[in-house]
Amino acid sequence: MPKIELITEISAPINICFDLARSIDLHTISTAKTKERAIDGKVSGLIGLNEWVTWEAVHLGVKQRLTSRITAYERPLYFVDEQVKGAFRSIYHEHKFEVVADEVIMKDHFVFQSPFGIFGRLFNRLYLTKYLEKLLVERNAVIKEYAETGKWKMILNGR
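Analysis parameters
Residues numbered from 1 in each chain as written. Predicted model: local features only at pLDDT ≥ 70, side-chain atom pairs only at ≥ 80, totals over all residues. Heavy atoms only, no water. Pairing = 2+ DSSP bridges. Helix = DSSP H or I, 4+ residues; strand = E, 2+ residues; numbered from the N terminus. Core = buried A, V, L, I, M, F, W, Y, C linked by side-chain atoms within 4.5 Å. Buried < 20%, exposed > 50% of the residue type's maximum accessible area, 1.4 Å probe, protein only. Contact = heavy atoms within 4.5 Å. Axes fitted to C-alpha atoms, helices over the stretch in contact; angles between N-to-C directions. Salt bridge = Lys/Arg side-chain N within 4 Å of Asp/Glu carboxyl O.

Examining the pairing of strand β4 (residues 62-74)
Reasoning step 1: Sheet topology places strand β3 (residues 52-59) next to β4; eight bridges connect them, and they run antiparallel. Looking at β4, one finds that Val 58 is bridged to Lys 63.
Reasoning step 2: Where β3 folds back onto β4 in an antiparallel hairpin, the turn is made up of two residues, including Leu 60, whose phi is positive at roughly 55 degrees.
Reasoning step 3: Bridge analysis of β4 against strand β5 (residues 78-85) gives seven bridges, and the strand direction is antiparallel. Bridge assignment links Ala 72 to a residue of β5, and that residue is Val 80.
Reasoning step 4: Hairpin connection between β4 and β5: a loop of three residues separates the two successive antiparallel strands.

Structure below.
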């Protein structure tokens, strides 16, 4: 199974980083290039334990839907989202947060399985893993920007 491991350092309080990472609204902003939007389940605000969301987006020129559920949650240190329904055989995305020397270290552990057996594995190796990593890096850059600049208030006010 392909794995993507990312570390993002953020100069902001851990609670803000954690909440931005689970914000449906910020996720929509960070994935605007793929026209991603929440269409069912938790469609705005902060997603929590056992809640689910169905996303619709255009990836690789194809409109797709993916439903994920929060299956583990310990605020503000950890949460996991897992695919319940979608094009992949499986997706497991672990989000970890820790404070080190006045910075938050946000760690992503993203593991997925594509369908289509050997052809899926070949596609992962040639293209998909890099494509997904780029999406995650861009998303984390938006979380970092909002957390460090005070833009977080536009997303988290009224929480």
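From this point, the narrative continues.
Let's talk about the nonpolar core
Reasoning step 1: In this structure, Ile 10, Leu 20 and Phe 97 are the most contacted members of the largest nonpolar core, which totals 27 residues.
Reasoning step 2: Elements supplying a minimum of two residues to this core: α1 (14-21), α2 (24-30), β3, β7 (103-113), α3 (117-149) and α4 (152-156).
Reasoning step 3: The leading source of residues in this core is α1, at six residues.
Reasoning step 4: Excluding anything up to four places from it in sequence, Leu 20 contacts Leu 26, Arg 139, Ile 143, Tyr 146, Ala 147, Trp 152, Ile 155 and Leu 156.
Reasoning step 5: Counting ten residues, the second largest nonpolar core, distinct from the first, contains Ile 91, Phe 112, Tyr 131 and Leu 136.

A few points about the sheet that holds strand β1 (residues 3-10)
Reasoning step 1: Overall, antiparallel pairing links the seven strands, which are arranged β1-β7-β6-β5-β4-β3-β2 in an open sheet. A strand with exactly one partner marks an edge of an open sheet, and here the two such strands are β1 and β2 (37-41). Each neighbouring strand pair of the sheet contributes to a mean axis angle of 25 degrees, computed without reference to strand direction.
Reasoning step 2: Pairing of β2 with β3 involves four bridges; the strand directions are antiparallel. Note that in β3 the partner of Asp 40 across the bridge is Thr 54.
Reasoning step 3: Contacts between α1 and the sheet are confined to β1, β4, β5, β6 (90-100) and β7, with β6 contributing the most and set at about 165 degrees to the helix.
Reasoning step 4: Against the sheet, α3 makes contact with β1, β3, β6 and β7, and its axis sits at roughly 20 degrees relative to β1, the strand it touches most.

A word on the pattern of salt bridges
Reasoning step 1: Following the criterion strictly, the structure yields ten salt bridges and no others.
Reasoning step 2: In this structure, Glu 148 and Lys 144 form a salt bridge, with 2.9 Å as the shortest nitrogen-oxygen distance. In this pair, Glu 148 and Lys 144 both sit in helix α3, four residues apart, roughly one turn of the helix.
Reasoning step 3: Bridged by salt links that share partners, the residues Asp 19, Arg 22 and Arg 75 form one connected network.

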